[in-house]
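Report on the structure
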Amino acid sequence: QMQLVESGGGLMQPGGSLRLSCTASGGSLDRYGMGWFRQGPGFGRDIVAAIAWNGRTTHYASSVKGRFTISRDNAKNTVSLQMNNLKPEDTAVYYCAAYLGPVVGGTTPSDFGSWGQGTQVTVSS
């Protein structure tokens, strides 16, 4: 079974940048659309960004559009999330997940199969 591992989280001041990575083992990501979700304290798990298997189609939550960029490198079996101009409200645990197909057609957690363990992002001065 494919396993996903996130890295790159940490503490950052408002306006700063972080880059999250998600690496897969035990399977190939090039069959799947991929997504990044986040879950803040007391909130549900919401989609942040998604990308089709070939990288040609992306989707962003309105709250991060223009600040975050999702990308993938199928040869390296990785998906990344570049986060710029971070805001305190971006504070959350970030998860990567594999969609149940090559093109992301849904944005709820139940539409996704394999999940990583999450990485904490804290934006604070």
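Right above here is the structure, for reference.
First things first, this report covers the structure right here in the doc. (Residues numbered from 1 in each chain as written. Predicted model: local features only at pLDDT ≥ 70, side-chain atom pairs only at ≥ 80, totals over all residues. Heavy atoms only, no water.)

**A closer look at the overall build of the protein**
Convention followed: Helix and strand assignments come from DSSP, with helices taken as H or I runs of at least 4 residues and strands as E runs of at least 2, each series counted from the N terminus. Between the two quantities, the radius of gyration covers C-alpha atoms and the globule rule is 2.2 Å times the number of residues to the power 0.38. Relative accessibility under 20% of the residue-type maximum defines a buried residue, over 50% an exposed one, and the middle range a partly exposed one, all with a 1.4 Å probe and only protein chains included. Contact definition: two residues touch when any of their heavy atoms are within 4.5 Å. Charge counting treats Lys and Arg as positive and Asp and Glu as negative, with His and both chain ends excluded. For charged residues, the charge sits on one atom: NZ in Lys, CZ in Arg, CG in Asp, CD in Glu.
Assigned secondary structure in the protein consists of zero helices and eleven strands. In terms of overall size, the protein behaves like a compact globule, its C-alpha atoms giving a radius of gyration of 13 Å where 125 residues would be expected to give roughly 14 Å. A principal-axis box enclosing the C-alpha atoms of the protein has dimensions of 40 × 25 × 25 Å. Within the span of the protein, comprising 125 residues, buried residues form 42% of the whole. Sequence separation of at least 24 residues holds for 59% of the intrachain contacts in the protein that already meet a minimum separation of 6. Taken as two groups, the 10 positive and 7 negative side-chain charges of the protein have centres that lie 5 Å from each other.

**Let's talk about the sheet that holds strand E7 (residues 68-73)**
Adjacent strands of a sheet pair through backbone hydrogen bonds, lying either parallel or antiparallel. Stated formally: One requirement defines pairing of two strands: DSSP has to find at least two bridges between them. A fitted line through C-alpha atoms serves as each axis, taken over the contacting stretch for helices, and the angle formed by two N-to-C directions is quoted from 0 to 180°.
Strand order in the open sheet formed by four strands is E1-E3-E8-E7, and the pairing between neighbours is antiparallel. The sheet is open, and its two borders are formed by strand E1 (3-7) and E7, each paired with just one other strand. The sheet shows a mean angle of 15° between the axes of neighbouring strands, direction not considered. Sheet topology note: the E1/strand E3 (residues 18-25) ladder contains five bridges and is antiparallel. Looking at the pairing, valine 5 lines up with threonine 23 of E3.

**A short note on the pattern of salt bridges**
So the rule is basically this: Take a side-chain nitrogen of Lys or Arg and a carboxyl oxygen of Asp or Glu: if they are within 4 Å of each other, that pair is a salt bridge.
Here the structure, examined in full by the defined rule, presents two salt bridges. Put simply, aspartate 90 and arginine 38 hold a salt bridge, and the shortest N to O gap is 2.9 Å. In this pair, aspartate 90 is assigned in the loop between strand E8 (78-83) and strand E9 (92-99) and arginine 38 in strand E4 (residues 34-39), connecting sequence segments 52 residues apart. The exposure class assigned to aspartate 90 is buried, which follows from its relative accessible area of 0%. Its relative accessible area of 14% is what places arginine 38 among the buried residues.

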